[in-house]
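# Chain and residue survey
Below are the chains, spelled out letter by letter.
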Amino acid sequence: KNQVEQSPQSLIILEGKNCTLQCNYTVSPFSNLRWYKQDTGRGPVSLTIMTFSENTKSNGRYTATLDADTKQSSLHITASQLSDSASYICVVSPLGGYNKLIFGAGTRLAVHP
Amino acid sequence: NAGVTQTPKFRILKIGQSMTLQCTQDMNHNYMYWYRQDPGMGLKLIYYSVGAGITDKGEVPNGYNVSRSTTEDFPLRLELAAPSQTSVYFCASIPTGSYEQYFGPGTRLTVT
């Protein structure tokens, strides 16, 4: 069964620190892997999208990595800010269309001053 | 562009009532989607559309209906609300030839 699992479920860090969120998936074959940021009470917003042939992609202080061999991805946040407090969702798109996107449950990140 | 808009933001329904969740996008996207998000779970696809006049079921379509008479609008209909439909509903769209998905702000629905 195609699954996307994220860890940890929740994380608290101090402002200015770095952190790394993990995503393991069993989807195969896949077209692309995305990371979304979802603020409380808002819809998800795309941070990065990587195709199966890409290893890393950055968006400002956010850097996503992808290891298609081990079926793992990570999202690294550098020099965290209070505004980074949100849920971060890993999404895998199998081959065959966007109607088959598989969403992880997300990691809830809290950045404290 | 306003992007993807959803109304209402919040709604409380009694069991057995009906309602329509509205979704509109002004970006001329062909692909539109309805998801529900339950606490601690990933988003689940309810229905999707690849263009005006074309709709299809997603992973959890039971208890819902959709229509797509125009490119811009993709309403979601709940005919007989049940407590299991308490959730946050998100509408999203994708332009043809792109991976980028755009979400609306969501509708929080409670059925009691």
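Note that the structure is predicted; figures quoted are calculated from it, not measured. (Residues numbered from 1 in each chain as written. Chains lettered and ligands numbered in written order. Predicted model: local features only at pLDDT ≥ 70, side-chain atom pairs only at ≥ 80, totals over all residues. Heavy atoms only, no water.)

### Considering the overall build of chain A
Looking only at helices and strands, chain A features 0 helices and 11 strands. Going from the N terminus to the C terminus, chain A shows its helices and strands as β-β-β-β-β-β-β-β-β-β-β. Taken against the 2.2 N^0.38 rule, which gives 13 Å for 113 residues, the C-alpha radius of gyration of chain A at 13 Å falls within 12% of a compact globule. Considered along the principal axes of its C-alpha atoms, chain A spans approximately 45 × 25 × 20 Å. For chain A, buried positions account for 46% of its 113 residues. Once local pairs closer than 6 in sequence are excluded, the contacts in chain A between residues at least 24 apart make up 57%. (Helix = DSSP H or I, 4+ residues; strand = E, 2+ residues; numbered from the N terminus. Rg over C-alpha atoms; globule rule 2.2 N^0.38 Å. Buried < 20%, exposed > 50% of the residue type's maximum accessible area, 1.4 Å probe, protein only. Contact = heavy atoms within 4.5 Å.)

### Thoughts on the pairing of strand E4 (residues 31-37) of chain B
Residue and element names in this part refer to chain B. In terms of burial, E4 is a largely internal element, 6 of the 7 residues being buried. Pairing geometry for E4 and strand E5 (residues 44-51), over 5 bridges, is antiparallel. Directly across from Tyr 33, in E5, lies its bridge partner Tyr 48. The turn joining E4 and E5, which pair antiparallel and follow one another in sequence, is formed by 6 residues; a positive phi near 75° is taken by Gly 40. (Pairing = 2+ DSSP bridges.)

### Topic: the interface of chain A and chain B
Interfaces are often sized by the amount of accessible area the parts lose when they come together. Taken together, the 19 residues of chain A in the interface contact 18 residues of chain B. When chain A packs against chain B, the two sides together hide about 1500 Å² of surface, and 59% of this comes from carbon and sulfur. Connecting chain A to chain B are 0 salt bridges. Contributing elements (two or more residues each) for the side of chain A that touches chain B: strand E4 (30-38) and strand E5 (45-51) of chain A. The element best represented in the side of chain A that touches chain B is E4 of chain A, accounting for 5 residues. Residue composition of the side of chain A that touches chain B, by class: 8 nonpolar, 9 polar and 2 charged. (Buried area = accessible area lost by both parts, 1.4 Å probe. Salt bridge = Lys/Arg side-chain N within 4 Å of Asp/Glu carboxyl O. Nonpolar A, V, L, I, M, F, W, Y, C, P; charged D, E, K, R; others polar.)

### So, the sheet that holds strand E7 (residues 64-66) of chain B
Sheet strands associate in pairs through backbone hydrogen bonding, adopting either a parallel or an antiparallel arrangement. Residues and elements named next belong to chain B. Strands sit in the order E1-E3-E8-E7 across an open sheet of 4 strands; the sheet is antiparallel. Among the strands making up the open sheet, the edge pair consists of strand E1 (4-7) and E7. Pairs of neighbouring strands in the sheet enclose a mean axial angle of 20°, with direction left out of account. (Axes fitted to C-alpha atoms, helices over the stretch in contact; angles between N-to-C directions.)

### Here we look at unusual backbone geometry
Residues other than glycine predominantly adopt negative phi, and peptide bonds predominantly adopt the trans conformation. Residues and elements named next belong to chain A. Note that the residue after Ser 7, namely Pro 8, is joined by a cis bond; omega there is -10°. Take Pro 8: it is sitting in the loop between strand E1 (4-7) and strand E2 (10-14). With omega at -5°, the peptide bond leading from Ser 28 into Pro 29 counts as cis. Structurally, Pro 29 is set in the loop between strand E3 (19-25) and E4.

### Considerations on the side chain of Thr 51 of chain A
Here Thr 51 of chain A lies in strand E5. We classify Thr 51 of chain A as buried; its relative accessible area is 18%.

### Regarding the packing of aromatic side chains
Tallied over the full model, the rule gives 11 aromatic pairs over all chains. Relative to Phe 103 of chain B, the ring of Phe 103 of chain A has its centre 6.5 Å away and its plane inclined at 85°; by these criteria the two rings are edge-to-face. Here Phe 103 of chain A, found in strand E10 (residues 102-103), pairs with Phe 103 of chain B, found in strand E10 (residues 102-103), and the two come from separate chains. Both residues of the pair, Phe 103 of chain A and Phe 103 of chain B, count as buried. Ring centres of Tyr 35 of chain B and Phe 103 of chain B lie 5.8 Å apart, and the angle between their planes is 35°; this geometry places the pair in the tilted category. (Phe/Tyr/Trp six-rings, centres within 6.5 Å; stacked < 30°, edge-to-face > 60°.)

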